[in-house]
Amino acid sequence: MQTEIDRAASELKRQQVIGIPTETVYGLAGLIDSEIALNKIFSTKERPFFDPLIVHVKDQEMAAGLCEEWPKLAQVLTNAFWPGPLTLVLNKNEKVNPIITAGLPQVGIRVPNHPLTLKLLDKLNKPFAAPSANKFKKTSPTTAEHVREEFPDLYILDGGPCEVGIESTVVGLNKVNDQYELVIYRPGMISSDDINSVLKKNNLNTKIVQKESPVSPGAMEHHYMPALPLIVLENSSKFESDLLEALHKLHINQDEVYELVLPKEAAIAARSLYKDLRKISKSNAKAILIKIYKHHHEKNWEGILNRVYKARSYPR
Ligand code: TXA
Ligand code: MG
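Residues numbered from 1 in each chain as written. Chains lettered and ligands numbered in written order. Predicted model: local features only at pLDDT ≥ 70, side-chain atom pairs only at ≥ 80, totals over all residues. Heavy atoms only, no water.

K.L.:
What's the story with the overall build of the chain in this structure? I'm lost.
P.N.:
When helices and strands are counted, the chain shows 11 helices and 13 strands. Relative to the 2.2 N^0.38 estimate, which gives 20 Å for 316 residues, the radius of gyration of the chain is 20 Å and therefore close to what a compact globule would have. Taking the principal axes of its C-alpha atoms as reference, the chain extends roughly 55 × 50 × 30 Å. Of all 316 residues assigned to the chain, the portion counted as buried reaches 56%. Considering only intrachain contacts with a sequence separation of at least 6, the fraction spanning at least 24 residues in the chain is 70%. (Helix = DSSP H or I, 4+ residues; strand = E, 2+ residues; numbered from the N terminus. Rg over C-alpha atoms; globule rule 2.2 N^0.38 Å. Buried < 20%, exposed > 50% of the residue type's maximum accessible area, 1.4 Å probe, protein only. Contact = heavy atoms within 4.5 Å.)

K.L.:
What am I meant to see in the sheet that holds strand β11 (residues 230-234) here?
P.N.:
Hydrogen bonds along the backbone pair up the strands of a sheet, which may run parallel or antiparallel. An order of β11-β13-β12 is seen for the 3 strands of this open sheet, with the pairing classed as parallel. Two strands close off the open sheet at either side, each with one partner strand: β11 and β12 (257-259). Put simply, the sheet's adjacent strands are angled 30° from each other on average, direction ignored. Taken together, the 5 bridges between β11 and strand β13 (residues 287-292) define a ladder with parallel strand orientation. For E234, the partnering residue across the bridge sits in β13 and is I292. (Pairing = 2+ DSSP bridges. Axes fitted to C-alpha atoms, helices over the stretch in contact; angles between N-to-C directions.)

K.L.:
Sorry if this is basic, but what is going on with helix α11 (residues 302-311) here?
P.N.:
Because an α-helix packs 3.6 residues into every turn, residues spaced three or four apart end up facing the same way. The buried fraction of α11 is high, at 9 of 10 residues. Those residues of α11 that fall on the buried side of the exposure criterion are E302, G303, I304, L305, N306, R307, V308, K310 and A311. Among the structural elements, β9 (179-186), α8 (192-201), β10 (208-210), β11, α10 (266-281) and β13 are those in contact with the buried residues of α11.

K.L.:
Can you walk me through the pattern of salt bridges in this structure?
P.N.:
As a working rule, side chains carrying opposite charge can pair if their charged atoms are close by. All told, the structure shown has 17 salt bridges when counted by the stated rule. With a shortest N-O distance of 2.9 Å, R148 and E145 are connected by a salt bridge. In this pair, R148 and E145 both sit in helix α7 (residues 144-150), 3 residues apart, roughly one turn of the helix. Of the residues examined, R148 reaches a relative accessible area of 36% and is grouped as partly exposed. On the basis of relative accessible area, E145 is assigned to the partly exposed category, the value being 42%. With a shortest N-O distance of 3.5 Å, E150 and R278 are connected by a salt bridge. (Salt bridge = Lys/Arg side-chain N within 4 Å of Asp/Glu carboxyl O.)

K.L.:
How do you make sense of the site of ligand 1 when you look at a structure like this?
P.N.:
As a matter of local geometry, ligand 1 sits amid 25 residues, with T24, R47, D51, H56 and S168 nearest to it. One of the side-chain nitrogen or oxygen atoms of R186 is found 2.9 Å away from an oxygen atom of ligand 1. For ligand 1, the accessible surface in isolation is 680 Å², of which the surrounding protein chains cover 97%. Among the elements of the structure, β3 (54-56) and β5 (106-110) are those that each provide at least two residues to the shell around ligand 1. (Near = heavy atom within 4 Å. Polar contact = N/O pair within 3.5 Å; in protein donor to acceptor, adjacent residues only side chain to side chain. Areas by Shrake-Rupley, 256 points an atom, 1.4 Å probe, with all protein chains shown as cover.)

K.L.:
Please clarify how the pairing of β9 should be interpreted in this entry.
P.N.:
A regular strand carries its side chains on alternate faces of the sheet. The element β9 is extensively covered by neighbouring structure, given that 7 of its 8 residues are classed as buried. Summarising the sheet, strand β8 (residues 169-176) and β9 pair through 7 bridges and their orientation is antiparallel. When the sheet's bridge partners are listed, K175 is paired in β9 with Y180. Linking β8 to β9, which pair antiparallel, is a turn of 2 residues; within it N177 sits at a positive phi near 45°. Assessed by its sense of winding, the connection that carries the chain from β9 through α8 to β10 is right-handed. (Right-handed = clockwise from strand over helix to strand, strands pointing away.)

K.L.:
How should the sheet that holds strand β7 (residues 155-156) be read in this particular structure?
P.N.:
What the 10 strands build is an open sheet, ordered β7-β1-β2-β6-β3-β5-β4-β8-β9-β10; its pairing is mixed. Edge positions in the open sheet fall to β7 and β10, since each of these has one partner strand only. Taken strand by strand, helix α4 (residues 72-81) contacts β4 (86-91), β8 and β9, and its axis lies near 165° from that of β4.

K.L.:
What am I meant to see in the packing of α4 against α8 here?
P.N.:
For any two helices packed against each other, one specifies the inter-axial angle together with the distance between the axes. The contact between α4 and α8 brings their axes to 10 Å, and the two run at 120°. By the angle between their directions, the pair α4 and α8 is classed as oblique. Crossing angle aside, the handedness with which α4 passes α8 is right-handed. In this structure, α4 uses L73, V76, L77, A80 and F81 to contact α8, whose residues at the interface are D194, I195, V198 and L199. The class makeup of the residues in the contact of α4 with α8 is 8 nonpolar, no polar and 1 charged. (Parallel < 35°, antiparallel > 145°, perpendicular 65-115°, else oblique. Left-handed = near helix turned anticlockwise from the far one by under 90°. Nonpolar A, V, L, I, M, F, W, Y, C, P; charged D, E, K, R; others polar.)

K.L.:
Explain the packing of aromatic side chains to me, please; I cannot follow it from the model alone.
P.N.:
Overall, the coordinates contain 3 aromatic pairs when judged by the stated rule. Between W70 and W82, the aromatic rings sit 6.1 Å apart at their centres with planes inclined by 40°, giving tilted as the arrangement. Remark: W82 occurs in the loop between α4 and β4 and W70 occurs in the loop between α3 (60-64) and α4; sequence separation between them is 12 residues. Taking the relative accessible area as the measure of exposure, W82 reaches 11% and is therefore buried. Ring centres of Y224 and Y274 lie 6.3 Å apart, and the angle between their planes is 20°; on these two criteria the pair is classed as stacked. Residue Y224 is located in the loop between β10 and β11, and its partner Y274 is located in helix α10; the two are separated by 50 residues in the primary sequence. Judged on exposure class, the residue Y224 and its partner Y274 are both buried. In this structure, K291 is placed above the aromatic ring of F239, and the distance from its NZ or CZ to the ring centre is 4.0 Å. (Phe/Tyr/Trp six-rings, centres within 6.5 Å; stacked < 30°, edge-to-face > 60°. Lys NZ or Arg CZ within 6 Å of the ring centre and 35° of its normal.)

Structure, rendered in structure tokens:
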């Protein structure tokens, strides 16, 4: 009997793109050795070619096989965090088609932590590229149903709801004067503190730089946007007047705003953020409000806060 994994594998081998589950968000996958599939990823997502794709592999060895060099730092970080929501950006070799990297000399790679997708990678024994399975700039999908709503004709390997809920932490390993420096291009649920403690445990004093990649539209304003305007306001003594001003500017009454209260625990907040933004966007509310408190500025919230601020339409 043909399993869903067999079906997914055969679609990919036919140079099709498919929806795949990961622990972070659903991906739109195509084999990296098929230019047809790679081009389909961009056209399906309506994504510009200057935005590089993340390559998904089954293990460290497959990752190293795509890189010019696999430094000790990569081995240490991946020992700690793979399979999991960490993407490493390293110098690529000739096996990586420049379509994947938007012509850049570096490629983003990760081992996703989802049993079905790991089985699929194992069966294929080949890497696939997969951006999040949403139209460019829109909210990423965290269930197969979300993907189906946006791409009704796509074959989707249904792996249930995503556990992590926001995209992976993207970290560049850059050689500066023979030493590697670590650059966080996109924060996620693996925080800079988590990375720091792994470096310390391994007696590495690698410098960590937080810098949004200029090549990465995840770094552009207006990303991850829900269908309704999202108002994001810090909790302050001016909160009430800030809110009134926002409503006035957006021509919305107070009772037309749905407040999305972020769950207390960061892991739960990440898991539900995109699902909740999608759900509220389907209600008859006219805008969504998220109120940001002091504790949201702690390290374990950095990925969530980054997505909330990118998704907002007010203030701008
Ligand atoms: O969790 C995730 O990472 C999900 C799942 C499906 O794995 N994928 C994902 O892919 O979020 P995507 O395409 O939506 O985001 C890819 C982002 C780029 O926009 C950029 O921020 C960064 O990853 N990236 C990829 N390759 C890069 C490179 N060579 N240099 C700098 N940033 C890169
Ligand atoms: Mg995306």
